[in-house]
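Chain by chain, the residues run as shown.
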Amino acid sequence: MNAQGKLSRIQYLSSFPIDSFAALIGSIICLSFSPIFIRLIEMEMGPNATAFNRFWIAAVAFGLLNNLLNVGHQKQETEPELNKNNLGSEKRLLIADGLLLAMALIAWTWSLTQTSVANSSIMHNMAPIFTILGGWLAFGQLFDRRFLVGMFVAIAGVTLLEVNDLLSLSIGQQLLGDLAALLSAVFFGVHPLIAEQLRTKFNSVTIMTWSSTTSFLLLFPVAAITEEQLFPSSVTGWFSVIALAFVGQMLGVGLWTYCLKKLSSGFASLVGLIVPVLSSLEGWTIFSEPLSFLTLVSFVVILVGMYLAISSRSAIKSPLESTNS
């Protein structure tokens, strides 16, 4: 039985999609730099204007890249045609993905004005729970005990990042802000599920073109109403917002979407919990922000959760799912 277990583990490791996992790690690293660029922009623009610029720049870049890919492949893709005369289910999903991202950012941004960063971060990082719950309810996805234990360990590790600030507030304060942050977690939790379904029919560039375009169209009126300034006014501001669009949106979210071809959305969402830890380390390196002992402990705890999740069979899709994808 021991030998059989070792053989099963070797077969699992041999089938693990290294390319998709590498894309996921690259995505996590890129996403972790987003707060750095936002910190550089926040002296010039508000958060809604920052998000608007992030999405419209990414939409233009993705649109150009998508056209180049279509010309290069001479339309020999297996993707379905998006019929302009018929708003099919695929097109509705593409639009819904962008709407979810935009509404998630709006909810999260507003929550930060109503509650503490600690409360907002903890609520916001509950997204993997909603991804896994949604996958189970909507698509019948099953996750083994090892994966679920890894998820709760990783979430506990993220909670350690904000435990000092969280304990400094009395229970019941800023309830609306907490609920808004939780709502953003629901939106961000559903997003990987939709992206995973879209990856069965579209490449990641097509998905991100539609998603970024829908997001900036929704965020434009919100930013125009709530912000005094829509565009950066300095070279540093433009550099930061362009870097945010290319590094945070195109590489960060784009690689994330790419990896969903072979990795489960629940696993990808769970690995994303390491983003705030990496952001803390980068803030310490670049801005000399204090790094607490709890941050290092949190990093170790999250890595333990990652190990449990990676070694679980729920991390990757079955061969049948990957073939259909």
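Rules used throughout
Residues numbered from 1 in each chain as written. Predicted model: local features only at pLDDT ≥ 70, side-chain atom pairs only at ≥ 80, totals over all residues. Heavy atoms only, no water. Axes fitted to C-alpha atoms, helices over the stretch in contact; angles between N-to-C directions. Helix = DSSP H or I, 4+ residues; strand = E, 2+ residues; numbered from the N terminus. Parallel < 35°, antiparallel > 145°, perpendicular 65-115°, else oblique. Left-handed = near helix turned anticlockwise from the far one by under 90°. Contact = heavy atoms within 4.5 Å. Nonpolar A, V, L, I, M, F, W, Y, C, P; charged D, E, K, R; others polar. Phe/Tyr/Trp six-rings, centres within 6.5 Å; stacked < 30°, edge-to-face > 60°. Buried < 20%, exposed > 50% of the residue type's maximum accessible area, 1.4 Å probe, protein only. Core = buried A, V, L, I, M, F, W, Y, C linked by side-chain atoms within 4.5 Å.

Asker: Please explain the packing of helix 8 (residues 145-161) against helix 15 (residues 293-310) as it appears in this structure.
Answerer: Helix-helix packing is described using two parameters, namely the angle between the two axes and the distance between the axes. Closest axis-to-axis distance for the helix 8/helix 15 pair is 7 Å, and the angle between their directions is 165°. With respect to their mutual orientation, helix 8 and helix 15 come out roughly antiparallel. For the element pair helix 8 and helix 15, the recorded crossing hand is left-handed. Together, Arg 146, Phe 147, Val 149, Gly 150, Val 153, Ala 154, Gly 157, Val 158, Leu 160 and Leu 161 of helix 8 and Leu 294, Thr 295, Val 297, Ser 298, Val 301, Ile 302, Val 304, Gly 305, Met 306, Tyr 307, Leu 308 and Ala 309 of helix 15 make up the contact between the two elements. Split by residue class, the contact of helix 8 with helix 15 holds 16 nonpolar, five polar and one charged.

Asker: Just to check I follow, could you spell out the packing of helix 3 (residues 34-41) against helix 12 (residues 235-259) for this structure?
Answerer: Helix 12 packs onto helix 3 with a crossing angle of 160° between their chain directions and a minimal axis gap of 9 Å. In terms of orientation, helix 3 lies roughly antiparallel with respect to helix 12. Considering only the axes of helix 3 and helix 12, their crossing is left-handed. Where helix 3 approaches helix 12, its residues Ser 34, Phe 37, Ile 38, Leu 40 and Ile 41 are matched on the opposing element by Gly 237, Ser 240, Val 241, Ala 243, Leu 244, Val 247 and Gly 248.

Asker: Can you walk me through the packing of aromatic side chains in this structure?
Answerer: Within the structure shown, the criterion is met by six aromatic pairs. Centroid distance Phe 231 to Trp 238: 6.4 Å. Interplanar angle 15°. Geometry classified as stacked. For Phe 231, a relative accessible area of 39% translates into the label partly exposed. The exposure class assigned to Trp 238 is partly exposed, which follows from its relative accessible area of 30%. What links up through ring pairs into an aromatic cluster is the set Phe 52, Phe 216, Phe 220, Phe 231 and Trp 238.

Asker: In this structure, what is going on with the nonpolar core? I would like to understand it.
Answerer: Taken as a class, soluble globular proteins show a tendency for nonpolar side chains to be buried jointly. Core analysis: the largest hydrophobic core is formed by 40 residues, its most contacted members being Leu 24, Ile 28, Phe 147, Trp 256, Cys 259, Phe 267 and Leu 270. Here this core gets six residues from one element, more than from any other, and that element is helix 8.

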